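Here are the chains, one letter per residue:
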Amino acid sequence: MVDSLSNAQARRIALAAQGFLDPRHTTPTMRTFTRTLERTGVLQVDSVNVLQRAHYMPLFSRMGPYDVELLRRAAEHRPRRIVEYWAHVQAFMPVDLWPVMRHRMASYREKRGKWGFVAADDALEQSLVAEVRDRGASTARDLDDGLPRAKDNWGWNWSRTRRVLDYLYTAGELAIAGRNNQFEIRYDLPERVLPADVLAQPTPSLEDASRELVRRAARSHGVATVQDLRDYYRMEVAHAAQAVAELVEDGELLPVTVEGWKRPGYLHRDARLPRRVNARALLSPFDPVVWERARTEQLFGFRYRIEIYVPAAKRVHGYYVLPFLLRDRIVGRADLKAERSYAGGAGRLVVRAAYAEPDAPPDTAAELAAELESLAGWLGLADIVVEPRGDLAGELGAAVAALG
C-alpha cells in the first residue's frame, strides 16, 4: 500500500490521470475524443477568443491537431454526449452527469429571488419557457423583450431576459442546445437537448451525488487534496469532505502524504504511476492541469496568474499566457495571439512574449517551437511571429526560423 509520494511521483500521477500518457492518433476520432473527455471530466467554457475558445484547447493539448467538429457533434448532434452546465464553472460535462447535478439545480431554485444577479419574476420566467417551447432553441437576443441593458457596469451588460434565462438554465428548467456563430447561447427545453434515457434516470441522494462527483474528480486528478477534489466540480466543502471520508472507508481513495504538501493527499486506487511522462503541450489558462492555481504551484513549482483583467501596464507576462508543459514539468510560458485576418487572410500566430522557468531544460525553445508549429497548423495560420519580449524570445525566434 502506498502511503507517501515524492512530488515528482505525484506530478506524473496527475499528468497520467489527465491523459498525457495516451498516444496521439494521426487522425483523432470520436473514440479519441471520448477517451480524452473521460480523463478531463469537464471542458471549461470561456468567451475569450484571442487564440482559440477555451473548451477546444485541452483537447488539442492531449490529442494534437483534431477536427473541432468532433466537439460540435458531441455537443449538438444525436446521440448527444456532452452538455453545458455549471459543472466546474460554465463547462461541458458528460450528459450522464445531468441527474447527479439535480441537487445543484434544486439549490439554485431555492435561491431564486435571493440572487443579486436576477430578481424573481414568475411572469417573465413562464413566458420565456413557453416561448422556447413554441419556437425551439433560441438565444436571449431572439427572446429579448426590448428591456434596456444596464450601462453602469463594465461587464456583460446582460438584458433582464438573459439574466432570467441563465437562472432557468442553472435551475434545470432550460438546457443549452448549443451556441451560434456569435457564441450566444441557444436555450431549449431539457427534453429536446438531453437523451431520454438520461432524463429518465432517478435523482441520486445528495450523498450518492457527492460521492460520484468526488469519485470523478479523483480519477481526473489521480492524487489530490480535499480542496482540489472539492474545486473540480465546485462542491460545498462539507459535502466533499464527507464524500472523501466515505470513499476512503470504501478503499477507493487511499490517504497519502505528498512531499511538499501541507494538506493530506488522497490517491485514487486506479491511478497510474508511470516511470516517465513524455508530454509536450501548451496549456490553456482554463486547462484542468492549471485551473486550481495553488495545486499548480504545489505540483510544478509554477506560479501562474491569468492577467486578462489586469491593466496592460501592470501585466507581468502578458494578456493570454499559456504554460508550456514539457515531459513532466512546466518549463515556460508564452503570450499567444491568433491574428486570423493578417496578410490577406492567411493569418499568423503571434508570440507576444516568451519566458523560460529557472530550471528549463536546454531543448525548451526547440520543443516549444515545434509545438507552436503544430498549433498554428491546427488553427489554419500560415506563419509564426516571435516578438522580442521575454527571456526565451530570442532563442525561440531562432528555433522557429530554423523550422522554416
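Given the structure is predicted, the values throughout are model-derived calculations rather than measurements.

Attention now moves to the pattern of salt bridges. Under the counting rule described, the total for this entry stands at 27 salt bridges. Put simply, Arg179 and Glu84 hold a salt bridge, and the shortest N to O gap is 2.8 Å. With Arg179 in strand 5 (residues 175–179) and Glu84 in strand 3 (residues 82–86), this residue pair connects regions lying 95 residues apart in the sequence. For the pair Arg179 and Glu84, one class covers both residues: buried.

This part takes up the sheet that holds strand 1 (residues 4–5). Read from one edge of the open sheet, four strands run 1-8-9-7, paired in mixed fashion. The strands lining the two open edges of the sheet, one partner per strand, are strand 1 and strand 7 (223–224). Running over the sheet, helix 12 (residues 237–249) touches strand 8 (253–258) and strand 9 (265–268) and is turned about 105 degrees from strand 8.

A few words on the sheet that holds strand 3. If you walk across this open sheet you meet the three strands as 2-4-3, and the pairing is antiparallel. Only two strands of the sheet have a single partner each, and these edge strands are strand 2 (43–44) and strand 3. Relative to strand 4 (residues 90–94), strand 3 runs antiparallel, the two being bridged by five bridges. Across the sheet, Val83 pairs through a bridge with Met93, a residue of strand 4.

For helix 12, spanning 13 residues, the distance from its first C-alpha to its last is 18 Å, which sits close to the expected 18 Å at 1.5 Å a residue. Inspection of helix 12 places Ala240, Ala243, Val244, Glu246 and Leu247 among the buried residues, and these make up the whole buried set. The buried residues of helix 12 occupy an angular sector of 165 degrees when the element is viewed end-on, so they sit on one face. Residues of helix 12 that are exposed and point more than 90 degrees away from the buried face comprise Val237, Ala238 and Glu249. Residues of helix 12 that are buried make contact with helix 10 (206–221), helix 11 (226–232), strand 8 and strand 9. Downstream of helix 12 by one or two residues, Gly251 has phi in the positive range, about 85 degrees.

Take the side chain of Arg104 next. You can see Arg104 is positioned in helix 5 (residues 102–110). Buried within the structure, Arg104 lacks any salt-bridge partner; Glu236 is the closest side chain of opposite charge, at an N-O distance of 8.0 Å. A distance of 2.6 Å separates a polar side-chain atom of Arg104 from the backbone oxygen of Tyr233. Polar contacts involving the side chain of Arg104 include one to the main-chain carbonyl oxygen of Arg234, which spans 3.5 Å. Discounting residues that sit within four places of it in the chain, Arg104 has contacts with Tyr85, Trp86, Ala87, Leu213, Tyr233, Arg234 and Met235.

Another aspect to go through is the confidence of the model for the chain. Caution is warranted with low-pLDDT regions, since their predicted coordinates should not be read in detail. For the chain, per-residue confidence averages 93 on the pLDDT scale, and residues scoring 70 or more make up 94% of the total. Taken as a whole, residues 146–157 scores under 50 in pLDDT and shows 10 contacts with residues more than four places along the chain or in a different chain.

Now for helix 14 (residues 364–379). With 16 residues, helix 14 ought to run about 22 Å at 1.5 Å a step, and its terminal C-alpha atoms sit 22 Å apart, in line with that. Summarising burial for helix 14: 12 of the 16 residues are buried, a large majority. By the burial criterion, the buried members of helix 14 are Thr364, Ala365, Leu368, Ala369, Ala370, Glu371, Leu372, Ser374, Leu375, Ala376, Trp378 and Leu379.

Before going further, it helps to examine the nonpolar core. If you look at the biggest cluster of nonpolar residues, it comprises 53 residues, and the most contacted ones within it are Leu51, Leu336, Leu375 and Leu396. Setting aside anything within four residues of it in sequence, one finds Leu336 in contact with Val50, Leu51, Leu282, Tyr320, Leu322, Leu349, Val350, Val351, Leu372 and Leu375. Val100, Val129, Leu143 and Leu189 belong to the second-largest nonpolar core, a separate cluster that totals 52 residues.

Here is what the cut-offs are and how they apply
Starting afresh in each chain, residues are numbered from 1 along the sequence in its written order. Only residues with pLDDT of 70 or above have their local features reported here, since the model is predicted, and side-chain atom pairs are shown and tallied only from 80 upward, although totals for entire chains, interfaces and linings are computed over all residues. Derived side-chain values reflect all non-hydrogen atoms in the structure, with water molecules and hydrogen atoms excluded from consideration. Salt bridges are counted wherever a side-chain nitrogen of Lys or Arg sits within 4 Å of a carboxyl oxygen of Asp or Glu. Note on conventions: DSSP H or I runs of at least 4 residues are helices, E runs of at least 2 residues are strands, and numbering of each starts at the N terminus. Summary of the burial criterion: residues with accessible area below 20% of their type's maximum are buried, those above 50% are exposed, and those between are partly exposed, where the area comes from a 1.4 Å probe applied to protein chains only. Here the rule is simple: two strands pair whenever DSSP picks up at least two bridges between them. By definition, residues are in contact when any of their heavy atoms lie within 4.5 Å. Fitted lines through C-alpha atoms give the axes, limited to the stretch in contact for helices. The angle between two N-to-C directions lies from 0 to 180 degrees. Helix span, as expected, comes to 1.5 Å for every residue beyond the first. Along the arc lie the directions from the helix axis toward the C-beta atoms. A positive count includes Lys and Arg, and a negative count includes Asp and Glu. His and the chain ends are not counted in either. Side-chain atoms alone can form a polar contact between residues adjacent in sequence; in general such a contact is a pair of N or O atoms within 3.5 Å, and within protein one must be able to donate a hydrogen while the other accepts it. Per-residue confidence from the prediction method is given by pLDDT, with values spanning 0 to 100. To define a nonpolar core, start from buried Ala, Val, Leu, Ile, Met, Phe, Trp, Tyr and Cys residues and group those joined through side-chain atoms within 4.5 Å.

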